[in-house]
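Structure assessment
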Amino acid sequence: LICPNFLSAHRCAMSTKKKVKLGHIDADPEEFALKVSYVTETHHFDEYGNPVRSESQPGQKVIRVPRGLQGPEIQGLAQEVVEKCRKYIPPSKVGEVEQLLLALAEHEAMQRQGRGQEPPPPPPPPPPPKQRRQEPLLPQADMRQIEDYADQLYEDRMELKVYGAKCILRVCTEPVNLELLAEHENLLQVLSRECRENSRKSVDLSVVAVCVFLTFSHFSQFHQVLMQNQCGDVTMRVLEYESQRAQVRKEDMLRRQMRFQELGDECKPEDRRLFAKDEKKYKLQLAKQNKLMHVCLCVLLNLAEEISIERKMVNRKMPSLLIQLLDRSQEDLLLVTLTFLKKLSVFEENKEQIAVPETLSNLVRLAQHENQRIALLSLRLLFNLSFDERVRAALVESGIIKLLVDSLKNPPFRHIVLRLLYHFSMDDRCKSLMAYHRDGMVMLLQLVVHFPEPRVGKDLVALMVNLATHARAAEVILQSGLFPPIMLRVMKHRDPLLCKVIRNVASHSGVLEQMCELLDSEGVRMAKWMNEFVRMAICSVDNPDFLVEVLGTLANVTLEEVAWGELCEAGLTELMTRLLVPSFSEDDVVLECVLLISNLALSRDSVQHVAESRLPSMMQDLLIEKREDEEIVVQLLFAFQCLVSHDEVRDFVLQETELAPCIMRFARARNPLVLEYATALLQIVAVASDNQTTEEGVPDWVAQIKAFRFEQHNQEWCRCVNRELSGGTGMSPSAYGAYYDDQVSPREDEEEFAFHWAGMDAADPRDLAKRDWSNQGFGKSMSRWT
């Protein structure tokens, strides 16, 4: 026996769900109505949710239609019928209802004509034929019914949930409603919960819910509300789940494809049909997923305005999720993906995750996309990544140089392409590849020559400066036929960076000869270009940026046939004298002046101009002033070496300057390059000192040089003798060292160099010089000096 109470409790535990299925819609001309046939299915479930039984009950809904319908009224009436009877007629049947109403109107018109009644006035001419009207994406909704729409989210039927969410989205499309909706006590919270629980069951519900979040995320003041209701977390969860689902579907489709290919000739028509069906289903699923992931990324991109929120996304592997989407074909999804990656790529830790070989190859492929926005975003992302030398090397292997050179022909791409090429031009291998593409080099030069502003754009001219440092690229610049216009542009506009291009071209010895031959040719007729550069330098004393480039260009011209004497007469010597005044010029200008003086000192036509000017004494003062700058010191020593190598001016220079003490101090320098040049110069001066006499006898510096040479080659012996004479306290300071050091003692100014051995044979350095050291073991090292 079964207890009645148990039966009652069992019935209470059971649940029932009803579902209405549409059968067909017919037009009844007699009743002038629409008859909708449907079936009501009732499903019973036990307390565990398992189906127990199902019942089906057919039904019919009669919809009365007003008579006297006109053409323009039918469309609105069909929409009204569907809205009022949405329980029985889905929105997708609006077109069918409209056709049935049109058939009823035509039937009524024919009946009137048969009875002899006057037909109604003819309707206005129909509008031109249009394509089939697309169903509205969102239903009509009213802000005053927002509570009803929110209640529909609690319904069991997924269709009602989606409809309620669509109505809420329709209200959200009006910006004036967003503030009121944000203050609603639980609207966003319910949407977030429904999206979290049912996103795997219905893609449509996920799309609509995330679109609601998107309308709020466009405004920064609502970001805090979204985060409080966990809308960002839910959106991230949806993106993560869809990414995993896409990977599973892709692997499954690849297995089906491999299985289909393995069948080969044994493949049956049924197998082809099933494979085609699976492929079509996969594409439809992918299209729906692309839409959902697109709106998810839009929401997350807007929320990532705050760095803290962006960091949370990165911690949940957002860069990896974005990288997986680069092989998609939907353009909107690619655009938001590339925008997000570009935003993340400015941080070092994100760049390491993005700059993998597979991603770089995808970006290079997308840089050739038909959509210009996608191509530009890909190039901008590559620009952010190209600051890394390893990334540049990987991109070169993928053939990006040719792609960038070809993209120069497209004006919208030039700005970002020039920046990318500038990064690549920092590597010698890339410079060689760019020089190989002569069309690209010629295009760059044309952009320089025809630049609309007086000074060439920094990105363009910086690229040309780097390319000009490569010998092959400099040769291409000369052979392009556009080098003379560049020279004229420099002379006209005084552009320092463009002048640096000419300076770099002239720095290559083989290219320098071609450059001078080109400018001296009959077709160009710029043989006096160096005279013009001297005039520009004289007029640009107040413009050090341009002055240093002009002087550097002249210093790079080391050809023997240059008429340096003519340039000195044109004011070059006076310019050097003015620029080398202590503390007058910057170090870069001083260095170029010293290099240029070396060129003048090497030429017999101009060395006399240098010797008779104040330049030698100013160079000596400069050697003391800039003693900490080893580069300037080396160039000054070389300039003096060039100057005293000429017999006609050597004696004059040595008499007018105190060069020898300076050189002896630098001959003890620790820098090997300074030591090399100082030693070579000291040897030249030492050879000349043997014949050095004046009216008063031999100058003091001659004795100092001889003593210094003796000590330099007999350091151990001198140290031992000095230790014995001074009681083991070490050597005494050098007199010539006081010339260089900042702090000197009075004794150092009075005494001779290093030899203070009173009463000994070695006390007189002149006596040391007269000895026959060739017969002494410790003096053999002096043989290369005497």
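As a convention, each chain's residues are numbered from 1 in the sequence order in which they are written. Given that this is a predicted model, residues contribute local features only at a pLDDT of at least 70 and side-chain atom pairs are listed and counted only at 80 or more, while totals for whole chains, interfaces and linings are drawn from all residues. To get the side-chain values, all heavy atoms of the structure are used, and hydrogens and water are removed first.

Here a helix means four or more residues in a row that DSSP labels H or I, a strand means two or more in a row labelled E, and each is numbered from the N terminus. When helices and strands are counted, the protein shows 41 helices and 3 strands. For each residue, the accessible area found with a 1.4 Å probe, counting protein chains only, is set against the maximum for its type, and the residue is called buried under 20%, exposed over 50%, and partly exposed in between. Looking at the protein as a whole, 46% of its 786 residues qualify as buried. Only heavy atoms enter the contact rule, under which two residues are in contact if any of them lie within 4.5 Å. Here the contacts in the protein between residues at least 6 apart in sequence split such that 68% fall between residues at least 24 apart. Total accessible area on the protein stands at roughly 42,600 Å², and carbon and sulfur atoms take up 49% of it. All accessible areas in this document rest on Shrake-Rupley with a 1.4 Å probe, and a residue is counted as covered only by the protein chains that are shown.

Before going further, it helps to examine the side chain of serine 206. By secondary structure assignment, the location of serine 206 is in helix α8 (residues 203-217). The exposure class assigned to serine 206 is buried, which follows from its relative accessible area of 1%.

Note that glutamate 310 resides in helix α12 (residues 307-315). Classification of glutamate 310 as buried rests on a relative accessible area of 3%. Glutamate 310 has contacts with Ala304, Lys343, Leu344, Phe347 and Asn350, leaving out every residue within four places of it along the chain.

Think of a salt bridge as a Lys or Arg side-chain nitrogen and an Asp or Glu carboxyl oxygen that are within 4 Å of each other. Here the structure, examined in full by the defined rule, presents 35 salt bridges. A salt bridge links arginine 419 to aspartate 459; the shortest N-O distance between them is 3.3 Å. One end of the pair, arginine 419, is in helix α20 (residues 411-424); the other, aspartate 459, is in helix α23 (residues 458-468), with 40 residues separating them in the sequence. According to the relative accessible area criterion, arginine 419 is partly exposed, its value standing at 32%. Several salt bridges converge on common partners, so that one network encompasses Glu348, Lys351, Glu352, Asp388 and Arg390.

So, on to the nonpolar core. Counting 201 residues, the largest nonpolar core has Phe216, Met318, Phe340, Phe424, Met515, Leu551 and Met576 as its most contacted members. Counting residues in hydrophobic clusters, the runner-up holds 20 residues, among them Ile25, Leu34, Ile63 and Leu69. The term nonpolar core refers to a set of buried residues drawn from Ala, Val, Leu, Ile, Met, Phe, Trp, Tyr and Cys, joined through side-chain atoms within 4.5 Å.

Time to look at the state of the cysteines. What makes a disulfide is a covalent bond joining the sulfur atoms belonging to two cysteines. Our working definition of a disulfide is a cysteine sulfur pair at a distance within 2.5 Å. Under the criterion given, the structure shown has 0 disulfides. No disulfide involves cysteine 211; its sulfur sits 8.9 Å from the nearest other cysteine sulfur, which is in cysteine 296.

A separate point is the packing of helix α16 (residues 357-366) against helix α17 (residues 372-385). Taken N-terminus to C-terminus, the directions of α16 and α17 make an angle of 140 degrees; their axes are 8 Å apart at the nearest point. By the criterion of interaxial angle, the relationship of α16 to α17 is oblique. Where α16 crosses over α17, the handedness of that crossing is left-handed. Listed contacts from α17 to Leu360, Leu363, Val364 and Leu366 of α16 are Ile374, Ala375, Ser378, Leu381, Leu382 and Leu385. Asp, Glu, Lys and Arg are counted as charged, while Ala, Val, Leu, Ile, Met, Phe, Trp, Tyr, Cys and Pro are counted as nonpolar; the rest, among them Gly, fall into the polar class. Considering only residue class, the contact of α16 with α17 consists of 9 nonpolar, 1 polar and no charged. Structural elements are reduced to axes, namely lines fitted to C-alpha atoms, with helices fitted over the stretch in contact, and the angle between N-to-C directions of any two is expressed from 0 to 180 degrees. Small angles under 35 degrees read as roughly parallel and large ones over 145 as roughly antiparallel, with 65 to 115 read as roughly perpendicular and the rest as oblique. Left-handed is the label given to a crossing in which the near helix is rotated counterclockwise from the far helix by less than a right angle, and right-handed is the label when the rotation is clockwise.

When pLDDT is averaged along the protein, the result is 81, and 82% of the positions lie at 70 or above. Per residue, pLDDT measures the predictor's confidence, with a range of 0 to 100. Ignoring residues within four places in sequence, the model shows residues 1-13, a span with pLDDT below 50, making 3 contacts including any to other chains. With pLDDT under 50 throughout, residues 729-786 is counted as low confidence; its partners more than four residues away or in other chains account for 94 contacts.

Right, let's get into the packing of aromatic side chains. Pairing of aromatic side chains requires ring centres within 6.5 Å, counting the rings of Phe and Tyr and the six-membered ring of Trp. Pairs whose planes differ by under 30 degrees are stacked, by over 60 edge-to-face, and all others tilted. Summed over the entire model, instances satisfying the criterion amount to 6 aromatic pairs. Residues phenylalanine 219 and phenylalanine 222 carry aromatic rings whose centres are separated by 6.1 Å and whose planes lie at 80 degrees to one another, so their mutual orientation is edge-to-face. Ring centres 5.3 Å apart and planes at 65 degrees place the aromatic pair phenylalanine 383 and phenylalanine 387 in the edge-to-face group. You can call phenylalanine 383 buried: its relative accessible area is 13%. For phenylalanine 387, a relative accessible area of 55% translates into the label exposed.

A residue counts toward a patch only above 30% relative accessible area and without a salt bridge, and it is joined to like-charged neighbours within 9 Å or, for Val, Leu, Ile, Met, Phe, Trp and Tyr, to nonpolar neighbours within 5 Å. Working convention for charge: Lys and Arg count positive, Asp and Glu count negative, and His plus the chain ends are omitted. Note on charges: their place is set at NZ of Lys, CZ of Arg, CG of Asp or CD of Glu. A cluster of acidic residues, Glu147, Asp148, Asp151, Glu155, Asp156 and Glu185, forms a negative patch at the surface. Inspection of the secondary structure puts glutamate 155 in the loop between α4 (146-152) and α5 (158-172).

Looking now at unusual backbone geometry. Not every positive phi belongs to a glycine, and glutamine 230 is a case in point at roughly 60 degrees. Tracing the sequence through the fold places glutamine 230 in the loop between α9 (223-228) and α10 (231-263). According to the relative accessible area criterion, glutamine 230 is partly exposed, its value standing at 43%. In this structure, lysine 317 is a non-glycine residue whose phi angle is positive, near 65 degrees. Inspection of the secondary structure puts lysine 317 in the loop between α12 and α13 (318-323).

In this section: a nonpolar patch on the surface. A contiguous nonpolar surface patch, about 250 Å² in accessible area, is contributed by Ile307, Val346 and Phe347. Looking at where valine 346 falls in the secondary structure, it is placed in the loop between α14 (331-344) and α15 (348-354). Judged by its relative accessible area of 55%, valine 346 is exposed.

By the criterion of burial, helix α19 (residues 400-407) is predominantly enclosed, with 6 of the 8 residues buried. Those residues of α19 lying buried are Ile400, Ile401, Leu403, Leu404, Val405 and Ser407.

Bringing the packing of α5 against helix α7 (residues 187-198) into the picture now. For the pair α5 and α7, the least separation of the axes is 12 Å and the interaxial angle reads 140 degrees. The pairing of α5 with α7 is recorded here as oblique in orientation. Here α5 runs over α7; the crossing is left-handed. When α5 is examined against α7, the residues Met158, Lys161 and Ile168 are found in contact with a partner set consisting of Leu187, Leu191, Glu194 and Asn198. Considered class by class, the residues forming the contact of α5 with α7 number 4 nonpolar, 1 polar and 2 charged.

Attention now moves to the environment of histidine 294. With respect to the helices, strands and loops of the structure, histidine 294 is situated in helix α11 (residues 269-303). For the pair formed by histidine 294 and leucine 335, sequence separation is 41 residues and the distance between their alpha carbons is 9.2 Å.

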